[in-house]
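Per-entry structural report
Spelled out, the chains give:
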Amino acid sequence: MTAALPDAPLAHQQIALVDLLDRLLTGGVVITGDLTLRIADVDLVRIDLRALISSVNADVPSPWEEP
């Protein structure tokens, strides 16, 4: 895929998947969601999802490393 002109509308721009992933990981992505399995107005299963996806490098070390 090739990139379109910078002044083109976003709906008409083509971006390679690798470039899209690079942009998302550079800034970070937060994913949230709720899923509830309900039968006869009784909640049986509830799942809450909260995830942060970001790149880690020497400038931004992992929070789980010991100092």
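Above this text you will find the structure in question.
Below is a summary of the structure that appears in this document.

**Quick look at the environment of L24**
Its location among the elements puts L24 in helix α1 (residues 17–27). Taking the C-alpha atoms as reference points, L24 and I53, 29 residues apart in sequence, are found 8.5 Å from one another.

**Brief notes about the environment of I31**
The topology assignment puts I31 in strand β1 (residues 29–39). Sequence separation between I31 and L49 is 18 residues; the distance between their C-alpha atoms is 7.4 Å.

**Things to note about a nonpolar patch on the surface**
Taken together, the side chains of L35, L37, I39, V42, L44, V45 and I47 make up a nonpolar region of the molecular surface, amounting to roughly 640 Å² of accessible area. Among the secondary structure elements, those contributing two or more residues to the nonpolar patch are β1 and β2 (42–53). Ranked by residues supplied to the nonpolar patch, first place goes to β2 with four residues. Looking at the element boundaries, V45 is found in strand β2. Residue classification places V45 among the partly exposed positions, given a relative accessible area of 40%.

**Structural notes on the pairing of β2**
Sheet analysis places β1 next to β2, joined by 11 bridges and oriented antiparallel. In the strand pairing of β2, R38 is matched with D43. If you look at the hairpin formed by β1 and β2, you'll find two residues sitting between the two strands, and A40 has a positive phi there, around 55°.

**Thoughts on the environment of L52**
Looking at the element boundaries, L52 is found in strand β2. On the basis of relative accessible area, L52 is assigned to the exposed category, the value being 64%. With 23 residues separating them along the chain, L52 and V29 place their C-alpha atoms 5.8 Å apart. Not counting residues up to four positions away in its chain, the partners in contact with L52 are V29 and V30.

Calculation criteria
Residues numbered from 1 in each chain as written. Predicted model: local features only at pLDDT ≥ 70, side-chain atom pairs only at ≥ 80, totals over all residues. Heavy atoms only, no water. Helix = DSSP H or I, 4+ residues; strand = E, 2+ residues; numbered from the N terminus. Patch = residues over 30% accessible without salt bridge, like charges linked within 9 Å, V, L, I, M, F, W, Y side chains within 5 Å. Areas by Shrake-Rupley, 256 points an atom, 1.4 Å probe, with all protein chains shown as cover. Salt bridge = Lys/Arg side-chain N within 4 Å of Asp/Glu carboxyl O. Buried < 20%, exposed > 50% of the residue type's maximum accessible area, 1.4 Å probe, protein only. Pairing = 2+ DSSP bridges. Contact = heavy atoms within 4.5 Å.

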